[in-house]
Amino acid sequence: MRAGMIKAISVLAAKDDDVILLTGDVGFGLIEDFQKNFPSQHINTGIAEQNMMGIAAGIAQFGMTPVVHSLAVFAIGRAFDQIRESICYSELAVKIIGLHAGATLSPDGATHQTMEDISLMT
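Cut-offs used in this document
Residues numbered from 1 in each chain as written. Predicted model: local features only at pLDDT ≥ 70, side-chain atom pairs only at ≥ 80, totals over all residues. Heavy atoms only, no water. Helix = DSSP H or I, 4+ residues; strand = E, 2+ residues; numbered from the N terminus. Pairing = 2+ DSSP bridges. Axes fitted to C-alpha atoms, helices over the stretch in contact; angles between N-to-C directions. Contact = heavy atoms within 4.5 Å. Parallel < 35°, antiparallel > 145°, perpendicular 65-115°, else oblique. Nonpolar A, V, L, I, M, F, W, Y, C, P; charged D, E, K, R; others polar. Salt bridge = Lys/Arg side-chain N within 4 Å of Asp/Glu carboxyl O. Buried < 20%, exposed > 50% of the residue type's maximum accessible area, 1.4 Å probe, protein only.

Residue Asp-25 is not a glycine yet carries a positive backbone phi of 60 degrees. Its place among the elements puts Asp-25 in the loop between β1 (19-23) and α2 (32-37). Positioned with a positive phi, Glu-91 is a non-glycine residue whose angle comes to about 55 degrees. Along the polypeptide, Glu-91 turns up in the loop between α5 (80-88) and β4 (95-99).

Moving on, we come to the sheet that holds strand β3 (residues 65-71). The sheet built from four strands is open, its strands ordered β2-β1-β3-β4 with parallel pairing. On the outer flanks of this sheet lie β2 (42-44) and β4, each paired with one strand and no other. The mean angle between the axes of side-by-side strands here comes to 20 degrees, regardless of whether they run parallel or antiparallel. Note: β1 against β3, five bridges, orientation parallel. When the bridges of β3 are listed, Val-19 appears paired with Thr-65. Along the sheet, helix α3 (residues 49-61) makes contact with β1, β2, β3 and β4, crossing β3 at roughly 165 degrees.

Let's shift gears to the packing of α3 against α5. Packing of α3 against α5 brings their axes to within 9 Å, and their N-to-C directions diverge by 10 degrees. Comparing their axes, α5 and α3 come out roughly parallel. Seen from α3, the contacting residues are Gln-50, Met-53 and Ala-57; seen from α5, they are Gln-82, Ile-83, Ser-86 and Ile-87. Residue composition of the contact of α3 with α5, grouped by class: four nonpolar, three polar and no charged.

On to the pattern of salt bridges, then. If you walk through the whole model with that rule in mind, you get two salt bridges. Of the charged contacts in the structure, one is a salt bridge between Asp-81 and Arg-84, with a shortest N-O distance of 3.0 Å. You can see Asp-81 and its partner Arg-84 sitting in helix α5, three residues apart, about one turn around the helix. In this structure, the salt-bridge partner of Glu-85 is Arg-84, at a minimum N-O distance of 2.8 Å. Using a relative accessible area of 39% as the deciding quantity, one classes Glu-85 as partly exposed. Each of Asp-81, Arg-84 and Glu-85 takes part in one network of salt bridges that share partners.

Here is the structure:
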C-alpha cells in the first residue's frame, strides 16, 4: 500500500510542479526515489507534525497542492488543532495521508497506534 501511494504521488508530481509532498521524518526506504526525482517538490519537516500542517496550509493558500504523509497517529492525533483551524476552517485543499491507522502498526506499540483518527476527521 505504501509503495502504491508513493507511486501515485510520483505520477501526480511528474504532471504538476505544484504537487508538494510533505513528510514528517517517515517513509525511509520508500521516498528516496521521490526525493531524487522531485527534489523541489519534497519537504521533510522532521518530527514536527503540527508545523507540517501549518506549512501545508501555507502552500495551499498559494494554489499549490500539498500532500502530507505521516503515520495516522501523528498526522491526525498530534496535529488535529492545526488541521481544524488552519486547513479546514479556511477550506484549503490539503491532502492528508495517515498511514497505519488503528492498531495495524502493533509491533511498534501503543504510541504508534490510533483509534481516534477516523472520529476526529469525520
